[in-house]
Amino acid sequence: MKLKSISKYISKILRHEPEIIGITLDEHGWANVDELIKGIQETHPDFNKDLLEIIVAEDNKQRYSFNGNHTLIRANQGHSILVDVELEKVIPPSVLYHGTGEKFVSSIQQQGLIPKSRLYVHLSKDIETALSVGKRHGKPVVFQIDTQRMVEDHIDFYLSANQVWLTRHVPVQYLQLL
Ligand code: HQG
């Protein structure tokens, strides 16, 4: 069984479409662990709790969290469905980065960065990480964001449990294409 493809499936369920395995998330994005495992077993009969524990512990971006007694699980960020994962509001470093595909540049230069299907715009703390995010969309480009000026202008930033910087919208005046 390929753990990476199951992890992608779990992301899809916990961020976007819990209904594909007939489960629901609560208002804070939590799913019941037993229900999640049962739902995944429909298509991957060998899946079990031990494998879920491995996926959560070893995920390269720490995408998921359990509650204290591991009866509930949620994605730390990246949702399209409206859940409140109790993000921490934090003052960001004075500069952050956003990697995207070259094909989106002219639209971004007109509209700024918008969350599109997700709840937040995702920002990276360094250019290298931004480039790897951007590569998912074709030829990568990186925008530098004047977060210091955004903070001065009272725009809120959040840090997810797995250290991804999030904000609702980055208007064009704070963006510089590198
Ligand atoms: C672009 C992955 C046109 C935006 C990553 C991005 C990240 C615009 C795309 C996380 C636009 C949305 C999120 C505008 C923004 N016009 N295009 N005005 N504003 N865009 O996948 O940031 O592996 O929803 O630049 O590592 O690429 O899934 O967002 O290219 O942390 O955990 O619209 O997903 O993490 O694409 O990636 P996405 P993203 P995971």
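Structure's up top.
Residues numbered from 1 in each chain as written. Predicted model: local features only at pLDDT ≥ 70, side-chain atom pairs only at ≥ 80, totals over all residues. Heavy atoms only, no water.

Trainee: Could you clarify how one ought to interpret the sheet that holds strand 4 (residues 88-89) in this entry?
Mentor: Hydrogen bonding along the main chain pairs the strands of a sheet, whether they run parallel or antiparallel. Ordered in space as 4-8-9-6, the four strands form an open sheet in which the pairing is antiparallel. Only two strands of the sheet have a single neighbouring strand rather than two, namely strand 4 and strand 6 (121-123). When strand 4 meets strand 8 (residues 158-159), the two strands line up antiparallel, connected through two bridges. Bridge pairing in strand 8 links Lys89 to Tyr158. (Pairing = 2+ DSSP bridges. Helix = DSSP H or I, 4+ residues; strand = E, 2+ residues; numbered from the N terminus.)

Trainee: Is there a simple way to think about the environment of Ile40 in this case?
Mentor: Note on placement: Ile40 falls in helix 2 (residues 33-41). Considering only alpha carbons, one finds Ile40 and Arg15, 25 residues apart in sequence, at a separation of 15 Å. Discounting residues that sit within four places of it in the chain, Ile40 has contacts with Ile6, Tyr9, Ile10, Ile13, Ile21 and Phe47. (Contact = heavy atoms within 4.5 Å.)

Trainee: What is the right way to look at the site of the ligand in this model?
Mentor: In the vicinity of the ligand, 18 residues are found, and the nearest of them are Lys61, His98, Thr100, Ser107 and His137. Within the backbone of Gly112, a nitrogen or oxygen atom sits 2.9 Å from a nitrogen atom of the ligand. Arg136 has a polar side-chain atom sitting 2.9 Å from an oxygen atom of the ligand. Considered on its own, the ligand offers 780 Å² of accessible surface; in the complex 89% of this is hidden by protein. Contributions of two or more residues to the shell around the ligand are made by strand 5 (96-101) and helix 4 (105-111). Of the residues belonging to the shell around the ligand, the class tally is five nonpolar, seven polar and six charged. (Near = heavy atom within 4 Å. Polar contact = N/O pair within 3.5 Å; in protein donor to acceptor, adjacent residues only side chain to side chain. Areas by Shrake-Rupley, 256 points an atom, 1.4 Å probe, with all protein chains shown as cover. Nonpolar A, V, L, I, M, F, W, Y, C, P; charged D, E, K, R; others polar.)

Trainee: Help me out: how do you make sense of the nonpolar core in this one?
Mentor: Across soluble globular proteins, nonpolar side chains show a tendency to be buried alongside one another. Ranked by size, the top nonpolar core spans 30 residues in total, and within it Ile10, Leu14, Leu36, Phe47, Leu52 and Ile73 carry the most contacts. Elements represented by at least two residues in this core include exactly helix 1 (3-16), helix 2, helix 3 (49-58), strand 2 (64-66) and strand 3 (72-75). Of the residues forming this core, the biggest block, five residues, is contributed by helix 1. Within the second largest apolar cluster, 16 residues are counted, among which are Val141, Phe143, Met150 and Leu159. (Core = buried A, V, L, I, M, F, W, Y, C linked by side-chain atoms within 4.5 Å. Buried < 20%, exposed > 50% of the residue type's maximum accessible area, 1.4 Å probe, protein only.)

Trainee: What exactly am I supposed to notice about the packing of aromatic side chains here?
Mentor: Two aromatic rings, taken as a pair, are described by how far apart their centres are and by the angle between their planes. Scanning all chains against the criterion turns up one aromatic pair. Taking the ring centre of Phe104 as reference, the NZ or CZ of Lys116 above it sits at 3.8 Å. (Phe/Tyr/Trp six-rings, centres within 6.5 Å; stacked < 30°, edge-to-face > 60°. Lys NZ or Arg CZ within 6 Å of the ring centre and 35° of its normal.)

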